[in-house]
Amino acid sequence: HRTQVQEMLAKLDDSLGKVATTHIPGSFSNTAENESAKRKGDDTTGPNKKLAKTELTLSDRQAKAVDDLCGYIESVGGSRQQVASFEARISKRNDGRYESIFYNEGRRFKSMVEVGRFLGLVKEKNQAKATAHRKKPTSSKDADIEKRKLRKELDKLMRAYQKGTKALEDFQNGQNETKYPVDDDIVIVEERMNGIPKVTPMRCSAARVPDITGFPGVPDHCLPDLLMVWDFLCTFGRAISVNAAALDDFVAAITYRLPESEMEGDGFNPICHQPPVLLAEAHLGLLKFVLQDQSSEDWWWSILETDEAGTVDNRANLGDGPVDSSVPVIKVDFAILLAQEEDPLITSSWMQALEPVRNVKVGQMQQIKQCIRTAREVAANRVVRAYLKKALSNLKSKDALFTKRAVVWLIDRFREARPDLFSRISQDLLFEQRAKVVEEVSTLMDKMIGTSDSVTVEAADYSDVESDDESDESDDEEMDGRNHQEDQKPEDDSKLKCISAIPTKPLPTLVDLLLPPGKPFPNSDLISSFTWPQLAAASASRIIHRYKRLRNEVDDKLRDSRGLPAMSIGERRMREKESTQRVLSECAVFSDDDWGPSERAVHLLSKGENYLSLGVAERICILKLLVEAAYDAHHTYEVVDGNFKARINAVKALEAEERRAKKEAKEESSKAEKGARENLVERARAKYFQEKRDELKRLNDQTNEFSNDIVDGLTEQDIVDFDEDTKAEYEALPTAQSFSKTEVSKMVKQMQEEAAFDTHSVVIITMDEISHRDDEDMQAMEDDLAAYEDVDISELGRDGTRRVERLRREIEHLKESVSVMPEIRESAVHALRDAIEDGTIKSLKAAIRTAKNAKLMGEDRSTGGIWALDLLRDAALELKLAEKRKRVVEAQKDLIAKRNKCFIRTEPIGRDRFRNNFWHFVADENGRVWVEAEFVVDADDAVDTSGFITLACNASQIKLGPDEREEDFCDVDSKEDFVLFARQEFHKAGQLRNLAKRFWGCHSAEKSLKGLMKTLDSKGTREKQLKSNLKETLEESGLSAGSLQNESGKVGDEVAKHNGANDSVIMEHGDENIFKIAMEEYASSAPLPSFPSSDLIRDLSSGLQLKVRIREVVDSNKEPLVALYENATITGWKMHTDTPDEFHNEEVVSFPVWRAMKDRIAEEVFLDKIELIESICRYKLWSNYERSYSEPDASFLSYRNSLGRHCGRAAEAGISAIPSFFGRLMVKKEQELYTPLKIQTYDNSWGGKSGARNVWISSMKDYCNDFITAKNGLLTLENAFLELTGGFPDSFGHEPRSAETILQDEKYRVDIELESIEKNMTTLWNSRASRSIFLDIVEKSKTTGFLALALDLLCRNCRAYIEANKPQGRGRSSGRAASKPSINYAEEFAPLPMRTTRRRNAWQQAQTDTEDWL
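The following refers to the structure shown. Positions within a chain are numbered from 1, following the residues in the order the chain's sequence is written. Owing to the predicted nature of the model, reporting of local features is limited to residues with pLDDT of at least 70; listing and counting of side-chain atom pairs is limited to 80 or more, with chain, interface and lining totals taken over all residues. Remark: hydrogens and water are excluded; side-chain values derive from all non-hydrogen atoms of the structure.

Attention now moves to the overall build of the protein chain. Note on conventions: DSSP H or I runs of at least 4 residues are helices, E runs of at least 2 residues are strands, and numbering of each starts at the N terminus. Across its full length, the protein chain holds 56 helices and 20 strands. Taking all 1414 residues of the protein chain together, the buried fraction comes to 42%. Long-range pairs, those at least 24 residues apart, make up 73% of the contacts in the protein chain between residues at least 6 apart in sequence. Note on areas: Shrake-Rupley, 1.4 Å probe, and residue coverage restricted to the protein chains presented here. Element-wise, carbon and sulfur atoms account for 50% of the exposed surface of the protein chain, whose accessible area totals about 77000 Å². Type-normalised accessible area, obtained with a 1.4 Å probe on protein chains alone, sets the label of each residue: buried when under 20%, exposed when over 50%, and partly exposed for intermediate values. In what follows, residue pairs with any heavy atoms lying within 4.5 Å of each other are defined as contacts.

Each patch is assembled from residues with relative accessible area greater than 30% and no salt bridge, linking like charges that lie within 9 Å and nonpolar side chains (Val, Leu, Ile, Met, Phe, Trp, Tyr) that lie within 5 Å. For this document, the term salt bridge refers to a Lys or Arg side-chain nitrogen within 4 Å of an Asp or Glu carboxyl oxygen. We treat Lys and Arg as the positive residues and Asp and Glu as the negative residues; His and chain ends play no part in the count. The atom standing in for a charge is NZ when the residue is Lys, CZ when it is Arg, CG when it is Asp and CD when it is Glu. On the surface, a cluster of negative charge is contributed by Asp142, Asp144, Glu146, Glu153, Asp723, Glu724 and Glu731. For the negative patch, the secondary structure elements donating two or more residues are α8 (140-179) and α35 (724-731). Among the elements that take part in the negative patch, α8 stands out by supplying four residues, more than any other. Here Asp723 is to be found in the loop between α34 (716-720) and α35.

Bringing a nonpolar patch on the surface into the picture now. Residues Leu154, Met158 and Tyr161 make up a contiguous nonpolar surface patch of about 330 Å² in total accessible area. Secondary-structure assignment places Met158 in helix α8.

What follows covers the side chain of Arg413. Tracing the sequence through the fold places Arg413 in helix α21 (residues 400-417). At a separation of 2.7 Å, a polar atom in the side chain of Arg413 contacts the side chain of Glu416. Side-chain atoms alone can form a polar contact between residues adjacent in sequence; in general such a contact is a pair of N or O atoms within 3.5 Å, and within protein one must be able to donate a hydrogen while the other accepts it.

Glancing now at the nonpolar core. Across soluble globular proteins, nonpolar side chains have a tendency to be buried as a group. Of all hydrophobic cores here, the largest spans 135 residues; its most connected members are Leu226, Leu286, Trp930, Phe1281 and Phe1334. In terms of residues, this core owes the most to one element, helix α55 (residues 1344-1364), which gives 12 residues. When residues no more than four places from it in sequence are discounted, the contact partners of Trp930 are Phe215, Leu223, Leu227, Leu247, Asn917, Phe918, Trp919, Phe921, Asp924, Trp1000, Gly1001 and Cys1002. For the purposes of this section, nonpolar cores are sets of buried Ala, Val, Leu, Ile, Met, Phe, Trp, Tyr and Cys residues that join through side-chain atoms within 4.5 Å. Counting residues in hydrophobic clusters, the runner-up holds 39 residues, among them Phe334, Val384, Phe402 and Val437.

The next subject is the packing of aromatic side chains. Centres within 6.5 Å are what make two rings of Phe, Tyr or Trp a pair, Trp counting through its six-membered ring; a difference in plane orientation under 30 degrees is then read as stacked, over 60 as edge-to-face, and the rest as tilted. Across all of its chains, the model carries 23 aromatic pairs by this definition. Ring centres of Phe109 and Phe118 lie 5.2 Å apart, and the angle between their planes is 55°; on these two criteria the pair is classed as tilted. Relative accessible area serves as the criterion here: at 3%, Phe109 is assigned to the buried category. For the ring pair Phe530 and Phe1222, a centre distance of 5.8 Å and an interplane angle of 70° mean the geometry is edge-to-face. In this pair, Phe530 sits in the loop between α26 (510-514) and α27 (532-561) while Phe1222 sits in helix α49 (residues 1219-1239), placing the two residues 692 residues apart along the sequence. According to the relative accessible area criterion, Phe1222 is buried, its value standing at 0%. Feature note: the residues Trp230, Trp919, Phe921 and Trp1000 constitute an aromatic cluster, connected by ring pairs.

What follows deals with the sheet that holds strand β1 (residues 87-92). Paired strands, in this sense, are two strands between which DSSP finds at least two bridges. Ordered by their spatial adjacency, three strands build an open sheet running β1-β2-β3, and the pairing between neighbours is antiparallel. A single partner strand is all that each edge strand has here, and the edge strands are β1 and β3 (107-109). When the angles between neighbouring strand axes are averaged without regard to direction, this sheet yields 30°. Pairing between β1 and strand β2 (residues 98-104): six bridges, direction antiparallel. Along β2, the bridge assignment pairs Ile90 with Ser100. In this fold helix α5 (residues 58-75) packs onto β1 and β2, with an angle of close to 130° to the strand it touches most, β1. Axes here mean lines fitted to C-alpha atoms, for a helix over just the part in contact, with angles spanning 0 to 180 degrees between N-to-C directions.

Here the focus is the sheet that holds strand β8 (residues 866-869). The mixed open sheet is built from three strands, whose spatial order is β6-β8-β7. Looking at strand neighbours, the two that pair on one side only are β6 (762-765) and β7 (857-859), the edges of this open sheet. Sheet twist, expressed as the mean angle between neighbouring strand axes with direction ignored, is 20°. Inspection of the sheet shows β6 paired to β8 by four bridges, in the parallel sense. Counted as the bridge partner of Ile764 is Ala868 from β8. Each of β6 and β8 is contacted by helix α37 (residues 767-787), which is oriented at about 105° to β6, the strand it contacts most.

Moving on, we come to unusual backbone geometry. The phi dihedral of Ser241 is positive, around 60°, even though this residue is not glycine. Positionally, Ser241 belongs in the loop between α11 (237-240) and α12 (247-254).

Another point: the environment of Tyr103. For Tyr103, the location among the structural elements is in strand β2. In this structure the C-alpha to C-alpha distance between Tyr103 and Ala88, which are 15 residues apart in sequence, comes to 6.4 Å.

Along the polypeptide, Ala1217 turns up in the loop between α48 (1169-1183) and α49. The exposure class assigned to Ala1217 is buried, which follows from its relative accessible area of 8%. As for Ala1217 and Ser529, which are separated by 688 residues in sequence, their C-alpha atoms are 5.7 Å apart. Residues contacting Ala1217, with those up to four places away along its chain left out, are Gln274, Ser529, Phe530 and Thr1344.

To continue, consider the side chain of Ser1341. Here Ser1341 is to be found in the loop between α54 (1328-1340) and α55. Separated by 2.7 Å, the side chain of Ser1341 and the backbone oxygen of Val1338 make a polar contact. Residues within four places of Ser1341 in sequence aside, it is in contact with Phe1267, Lys1271, Phe1346 and Leu1347.

This is how it looks when you write it as structure tokens:
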């Protein structure tokens, strides 16, 4: 059978027959049977057992697969080295077969064939098929077809290449564009790494020398507060009904002083002694604004707060905090005390007698003693009597606090143990409550070890038989002991722990005595142009007191947060003493008397000094305190909140407009890019067709197949259809999208250049090329002229002769122009660079006009367009961008104005890399920029700071105010890093524990502002934004055009000089002789007496570059007496020629004039010799703040407030506080009160036949021109009103001590009450002392403000008298109430039971005992 099978297989295939012949029987077995046997555990013998032992593992299979791969690669013509890095991975399928996968460097191959294809050893089927079918072209037609296919493939590859190149360039350009701006700190690091000269804090933009470093008379440390106050007045002017004033006018008003003539008494002028109307309106507006606001309730009554309630009870436990009434001070057996039998009515009676002790002040020992005596007389409980005796015995040995605590403890514990005395309760609950209280008290008594104050039963028995008189001492001895304790009280109080944040109550000032009990009503006559200085002082005093309390509360909260003990009273008072510095640190520079400017200003105004006697810092402090109160006003919050909401809507509308503008700009940019691409395509097509025409002409010249006319007449379509190659080349021309971004940007820029110069072609050249063009023009003209030299003049004729003469003139003119043109062009180039840096429209137009005058552009004969300097091209492009920005801004102008009107806060316009602030105030019409620079501590002295201010200093030189109490909020020793971080809030050096001074300067001139912008680096985000904002500021202010117009004027002067107009040329040197003559003429004339010219200008040799203060009349027709004073700089001079009069044959007169450039605006003014000398002297006196210098006709003195008119009508505002107006006011008040007062009396000598009233009225109307007359008139009026009210009855007793003695006594000054606030009034004053004090205040007053306050007080008392004595009911009495009982001197100021006092709050009045003032 096996042989037959072998033969059959051999017939089919020789290889199969060979295998069958060589096969050994039994070498294979049934796989299924083997697997079954293996599962059953049967023993396998023979060949099957050997096969099981030799089965391949996965690693063997992987090695075998790699070996098979190597063999396969060799079989297809490769080598083993090609697959040396390949590896195989074997995975088993679900059907039991194994699959080999090959890997190489992350690539995956499913078979050996794929590996061969990857190595290029095995061809693709399609590729092999294509190769097999691709035949070599056999004809020209097939060759052309093959060529076109190849050309298309080549074009496709070229387009792909161009697309990739364009994408790469776009990516690279985008990377370069988006790199900047970056954070300024990164720019600093890059500059340091690249070796660029480092910009240091001492050589930065903020450190550049400013135009203004302060104002004469204003201390440097007060400048920030001055700007803050002025900015508030301008910003919230509508809310406070005050028109905004220019900063210079506000400074002139705040520094106003009496003229020297008035100080020396050469003649009293009431108007000169009044503060400027601007200050009066500002103070009145602020006073009315804050007093009508609800927030003023927090600080107006602050001086009535007292800390006595918090510090008195603290005396029992030094440092233990508030007293706990549950702590006993006398040891007693409370169970025995409760066990004593006593009638409940008696118990209630003695407890009620002791109850007032709870609210009595510690110093009122007599009242405490009286309450205890009454309770002992009523009490039947002998233990209670002994306890009270023990408490009373300690009244002198210790103090009233011990006794008070003992009594209060007894009352509270007895109330807890006997609730049945006050309500119904069951016996069970009563016994339970009594046992509970006894147990608690027993526990407390056990803790009282070693105390000598104890009560026993034996002592209680002994106290019943002992006389009460033996235990009491005389009142005189007790008073001596109390006085001795009071003398020691201050020393003890300094060691006590303070538990109250209320500052020490200030003594009432003279202004407080004259003010009404309530807060002044804003629209009343009390707040007027007379009284605003005194009311401002009273308000400032209360605001300071309020801020002291807030500062104390902050200190206490900080200490409580760390668990620190309460500070002592001495430490609290020390902090309160310097609290003004902590609140108003900028202006708080204390003098030798330890008074800051705020306290000094309040003190001077409160005692009657004139407002003009205050220093500048003191005036600023008063205004700042009112502004601080205004910032806290609720109405301010409402204004800001309303502005915030309106600003949100305005900003949304502005953002929508900005989005629309951006969309239009994007569309315009896309349109420009599209046009550039189309232009590039058009140029490529034109170039292509021109090349093809030239090529066809060359071919036609060789073949002569067509005529030239036919070739020239070929259309573009004819050229395209000429042959297949030409058509293929045309189709391969670049499309609009084929050009890279660089090519498109270049074309866009070229189109913009052509649009900027309004021409079809622009050739950009350099300055050297311009000079070369001039030389070529010169050579061309000389050649033309040389051509006529050999020709006889007679042969030229008239036209030829004129042409020759014209050439000669042009050559001569060109030679002169070449000699002066370099300097003119250099100036023009400088103007162009500054204008580009400036970026404003006016400056760019002026610079371009200057460049045209300097012949930096002209007609290009080769292209028919123009040629221009590259810098002029840049300026023209920048001008287009600026005009585009302006169009956008104009479209947004209304929205921006609406947004700016919705003010929230003034913020810096930007910060430089070192975070120095730059400010521009909207109300500053001059466009000035203020710089707030930080001083550099421990700087390197070797740094060159030429052209910069000196910011280097020591830490001690820039300290402001007291040191911060760092121990309140952290542990200074253990948290050094946190302390350093906290100190960096004051200064970045971290060496100061208090506020640091900062340098403030102002850049107002265009040159200074441009230099400021040049130092800013646009690579940094902060400085780029700052630079942009500065450009907007320059554009809005109009400063940018001034200097550049001057540059244009200088070029014009040079051109005029070149043309021969030398009489109008402004020269910048050479005025020494002319200036000397001017000084001599001024000295020989009659100079103003306030200008000692011999001392001020003695050392001057030239007027150029000097600072002057010019005077200009505002309006010679409407306001001829109002002048505007401005600072300026002399920049040049010239000889001015007066033209002869048309109607008179006058000779031509020439005289020198000097050009002065104003600092405020870029405007020039010409001064003659006398005006120049006077302006120089005027500036020197003004800058030195000389007392002898004044500007009586300055514009700020004519300020009028059209919004509020707080000082009355505009025509009378300047004189509304003079004595004559006060006289009119007295007459008006007298006429209002005379009739009601006359009704109250039967007869009077004031309005009777004596005619005293008529004489007084006449004198007040006609002769009240000085202060003395006004004061005497008020005294006369007071005497008349006193007479009309009946005078003092005999019951008022004797005359008191002098008013001066009473006012100097601090103890009684608190209780002085000049206001008639009783219900039953019998006369004008409540006591003789009140009238005496009133008269003393009036007689010693120095200002009409005090007279106005006194008049208002007098009128209020008259009205109160009229109201108290008006007829009531049917029975009309005689109008006179019952006589007042006689009182002694001490009672004249004591708060009687039927009368309250506004000098004390409710707590104080509850603690007051009449015996204290005996």
